[in-house]
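# Observations on chain architecture
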Amino acid sequence: FSGTGAVANIFKDKMLITNDLLYSNYISNYAWFGHEKYSSRKIIEIIYEYNQVKTKENNYVRENFADTFFSADDCSKIGYIREDIEEKYKKKEINFKEYAILITSLLYAMDRIANTVGHYDAYRKHVTFEKELVLNVLLPEVNINANNICYNVDANELIKSIKCDLLYLDPPYNSRQYCDAYHLLENIARWQKPKVYGVAKKMDRA
């Protein structure tokens, strides 16, 4: 239940074990705390290129989310960028740390302009989309503990195999999983392009 890593960041001078059931949070934690080396120059150049993108392509994000949480054109841009990150990783042009940093930058940029009231259970209708998608350059610290480990598993199982001096837990406050409220960010992070349903365009979990 490490969330996006705000609490873990306070202890970044220590060895960290992070875990979250949401893949989007795992990616964020790996971006900030994963010990793998990365190229800051590569991140800066790629983010610069992404911010120059102008597209109206009819990709997965535009087809499913146009003029809901984001404008149609921003949906095209989100879909284009996310696909390009995936292709770069598959072609080994970026390592997993760089992959995680780029996805995290995209998720943060999306969340800053999302037409929501804090989560993705609903969006405001008949609005004017005034903010455009702009990715910020994220450059995590390079002198991170080499023993850090980031997990994306059930905490009830993980706790049986790890030991620590200080344990911080932030579980859901009710029976609903956080994925239900942050399904769109999870969808983009996983990039499996599932069918979506309902007004909120949630992933089909059938």
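Scroll up to find the structure.
Just so it is clear, the model here is predicted, and its values are computed rather than measured. (Residues numbered from 1 in each chain as written. Predicted model: local features only at pLDDT ≥ 70, side-chain atom pairs only at ≥ 80, totals over all residues. Heavy atoms only, no water.)

### A word on the packing of aromatic side chains
What the rule picks out here adds up to 11 aromatic pairs. A ring pair is formed by Tyr23 and Tyr26, whose centres lie 5.7 Å apart and whose planes are at 40°; its orientation type is tilted. Of the two residues, Tyr23 and Tyr26 are both situated in helix 2 (residues 23-33); the distance of three residues between them amounts to about one turn of the helix. Each of the two residues, Tyr23 as well as Tyr26, counts as buried. Cluster of aromatic residues (ring-pair linked, three or more members): Tyr23, Tyr26, Tyr30, Tyr89, Phe96 and Tyr99. (Phe/Tyr/Trp six-rings, centres within 6.5 Å; stacked < 30°, edge-to-face > 60°. Helix = DSSP H or I, 4+ residues; strand = E, 2+ residues; numbered from the N terminus. Buried < 20%, exposed > 50% of the residue type's maximum accessible area, 1.4 Å probe, protein only.)

### Details of the side chain of Asp20
By the element assignment, Asp20 lies in the loop between strand 1 (17-19) and helix 2. Here Asp20 occupies a buried position and makes no salt bridge, while the nearest side chain of opposite charge, Arg190, is found at 8.8 Å. At 2.9 Å, the side chain of Asp20 and the backbone nitrogen of Leu22 are in polar contact. (Lys, Arg positive; Asp, Glu negative; His and termini not counted. Salt bridge = Lys/Arg side-chain N within 4 Å of Asp/Glu carboxyl O. Polar contact = N/O pair within 3.5 Å; in protein donor to acceptor, adjacent residues only side chain to side chain.)

### Points about the packing of helix 5 (residues 72-90) against helix 6 (residues 96-113)
Look at helix 5 against helix 6: their axes get within 10 Å of each other, and the N-to-C directions meet at 170°. When the axes of helix 5 and helix 6 are compared, the pair comes out roughly antiparallel. Counting all contacts with helix 5, which are made through Asp74, Ile78, Ile81, Arg82, Ile85, Glu86 and Tyr89, the residues of helix 6 involved are Phe96, Tyr99, Leu102, Ile103, Leu106, Met110 and Ile113. Looking at side-chain class alone, the contact of helix 5 with helix 6 contains 11 nonpolar, no polar and three charged residues. (Axes fitted to C-alpha atoms, helices over the stretch in contact; angles between N-to-C directions. Parallel < 35°, antiparallel > 145°, perpendicular 65-115°, else oblique. Contact = heavy atoms within 4.5 Å. Nonpolar A, V, L, I, M, F, W, Y, C, P; charged D, E, K, R; others polar.)

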